[in-house]
Amino acid sequence: MPIQNNNIGYLIYIAHVVLSKYFNNSIHKILPTLTGVQFTILIYLYYHRDKIVTQREITDYLHLRHPTVRHIIKLILKKHLIVSGPLPTDHRQVQLMISNNGNQLIKSHLPAINHDYQQMNQIITNHMDKSSVHNLEDLLTQLIKNFEE
């Protein structure tokens with residue numbers, strides 16, 4: 001399919017596909033038992049381990065539907081990388097925490113994870129000056145906001 005003028009959505013979709021493949025392959029090399037989205041949840045919980053994180057917060061963070069997130073959470077729970085339970089202040093909500101196993105897994109692979117993040121960012125911003133990178137960040141942030149309205 002040739003790229004036509006005013007086909008920004010298509011270009012963003014293709015960028016998403018390419019980045020998803022790259023990200024999933026990178027994660028698979030470091031943590032072969034996790035998918036990219038499972039890793040994203042686990043790393044989010046790792047960096048928020050000192051606060052209460054709800055399943056709803058993960059749903060909002062990933063911009064995914066609740067049933068999808070619930071299914072992904074169940075898969076990570078089976079791997080014993082996170083634990084869940086009712087939120088003490090509202091038993092209708094589910095609280096998520098990284099388990100000791102999950103914490104150790106991330107901690108032991110953090111240098112490789114950070115290296116891969118840096119590599120991915122270098123590929124994305126190759127041939128861009130600092131101003132272009134800043135503009136790209138602003139444009140992507142605005143794009144996300146546009147769909148949240």
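Residues numbered from 1 in each chain as written. Predicted model: local features only at pLDDT ≥ 70, side-chain atom pairs only at ≥ 80, totals over all residues. Heavy atoms only, no water.

### Some words on the overall build of the protein chain
Along the protein chain, the regular secondary structure elements total six helices and three strands. Starting at the N terminus and ending at the C terminus, the protein chain contains elements arranged as α-α-β-α-α-β-β-α-α. With the principal axes as the frame, the protein chain shows a C-alpha extent of 50 × 35 × 30 Å. Out of the 149 residues belonging to the protein chain, those deemed buried represent 30%. For the protein chain, restricting intrachain contacts to residue pairs at least 6 apart in sequence, the fraction spanning at least 24 positions comes to 51%. If you sum the accessible surface of the protein chain, you get close to 10,600 Å²; carbon and sulfur atoms cover 57% of it. Averaging the locations of the 14 positively and 10 negatively charged side chains of the protein chain gives two centres separated by 12 Å. (Helix = DSSP H or I, 4+ residues; strand = E, 2+ residues; numbered from the N terminus. Buried < 20%, exposed > 50% of the residue type's maximum accessible area, 1.4 Å probe, protein only. Contact = heavy atoms within 4.5 Å. Areas by Shrake-Rupley, 256 points an atom, 1.4 Å probe, with all protein chains shown as cover. Lys, Arg positive; Asp, Glu negative; His and termini not counted. Charge placed at Lys NZ, Arg CZ, Asp CG, Glu CD.)

### Thoughts on the pairing of strand β3 (residues 90–98)
Bridge count for strand β1 (residues 53–54) against β3 is two bridges, and the pairing is antiparallel. By the bridge assignment, T54 is partnered in β3 with Q95. The sheet contact formed by strand β2 (residues 82–87) and β3 spans six bridges and is antiparallel. Bridge pairing in β3 places S84 opposite L96. The antiparallel pairing of β2 with β3 creates a hairpin that spans two residues between the two strands. (Pairing = 2+ DSSP bridges.)

### A closer look at the side chain of Q95
Relative to the helices and strands, Q95 is located in strand β3. Using a relative accessible area of 12% as the deciding quantity, one classes Q95 as buried. Excluding residues within four positions of it along the chain, Q95 makes contact with I52, V53, T54, V83, S84, G85, P86, L87 and P88.

### What to know about the nonpolar core
The biggest cluster of nonpolar side chains holds 27 residues, and the ones touching the most others in it are F39, I41, L45, I58 and I106. Looking at this core element by element, the count peaks at seven residues for helix α2 (residues 36–47). Residue contacts for I58: discarding those within four places in its chain leaves I41, Y44, L45, V53, V69 and L96. (Core = buried A, V, L, I, M, F, W, Y, C linked by side-chain atoms within 4.5 Å.)

### Quick notes on the packing of helix α1 (residues 8–30) against α2
Relative to each other, α1 and α2 sit at 70°, their axes nearing to 9 Å. Relative to α2, α1 is oriented roughly perpendicular. Contacts between α1 and α2 involve F23, N24 and I27 on the former and, on the latter, G36, V37, F39 and T40. In terms of residue class, the contact of α1 with α2 is made up of four nonpolar, three polar and no charged. (Axes fitted to C-alpha atoms, helices over the stretch in contact; angles between N-to-C directions. Parallel < 35°, antiparallel > 145°, perpendicular 65-115°, else oblique. Nonpolar A, V, L, I, M, F, W, Y, C, P; charged D, E, K, R; others polar.)

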